[in-house]
Structures are given as C-alpha cells and as structure tokens.
Amino acid sequence: MRTGNIVISTKDNFASAGSATRAKNATDPLGVSSEIGRKLKQYYDELVSDDVPDRFAQLLSQLEASEMARKED
C-alpha cells in the first residue's frame, strides 16, 4: 500500500510477526496458550491475595451460623 511517499507493506509485517511467533513456539510448545496461562495465574494470584470485604465476611458468618442452627434442630 502506498500513502504519499510512505510505503507500507502489510505482507512483510505479517511475515515478521509470524516468524517471531514461530521462534517463540520453538522454545515454548504451548505458544500463545502458555502466555494466556501465565496472565491468568497472575490475575488469580492477585485476586486471592485481596482481602475479603467486611460485608461479604459478615454474610458468610451469618450463613454458617444459620447452617449450624439447622443441624442442631
């Protein structure tokens, strides 16, 4: 594609991106899936380390108390 004096070759851009992906896949058999997995694990680790909101903790306590009361009946 030509715009003014600038020539943009999308074919070359895709080819270089593809070779970079193939090079990464040579060392990582899962390729993109591995990167997705790392990001999901990072997000999960951050989520788990967050504190439970007070209101949610209160609701859980109430639920546990009502379940214990039902078991006693």
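What you see is a predicted model; the values in this text were computed from it and never measured.

Undergrad: Before we move on, could you go through the overall build of the protein and cite the residues and values that matter?
TA: Tallying secondary structure elements over the protein gives three helices and two strands in all. Taking all 73 residues of the protein together, the buried fraction comes to 4%. In the form shown here, the protein has an accessible surface area of approximately 6,800 Å², with 59% of it arising from carbon and sulfur atoms.

Undergrad: Give a description of the pattern of salt bridges that names residues and reports values.
TA: Summed over the entire model, instances satisfying the criterion amount to two salt bridges. For Glu 35, the salt bridge goes to Arg 38, with nearest N and O atoms at 2.9 Å. Here Glu 35 and its partner Arg 38 are both found in helix 2 (residues 32-49), three residues apart, which amounts to about one turn of the helix.

Undergrad: Let's hear about a negative patch on the surface: which residues, and what values?
TA: Where like charges cluster on the molecular surface, the negative patch consists of Glu 46, Asp 50, Asp 51 and Asp 54. Residue Asp 50 is classed as partly exposed on the basis of its relative accessible area, which comes to 49%.

About the cut-offs
Residues numbered from 1 in each chain as written. Predicted model: local features only at pLDDT ≥ 70, side-chain atom pairs only at ≥ 80, totals over all residues. Heavy atoms only, no water. Helix = DSSP H or I, 4+ residues; strand = E, 2+ residues; numbered from the N terminus. Buried < 20%, exposed > 50% of the residue type's maximum accessible area, 1.4 Å probe, protein only. Areas by Shrake-Rupley, 256 points an atom, 1.4 Å probe, with all protein chains shown as cover. Salt bridge = Lys/Arg side-chain N within 4 Å of Asp/Glu carboxyl O. Patch = residues over 30% accessible without salt bridge, like charges linked within 9 Å, V, L, I, M, F, W, Y side chains within 5 Å. Lys, Arg positive; Asp, Glu negative; His and termini not counted. Charge placed at Lys NZ, Arg CZ, Asp CG, Glu CD.

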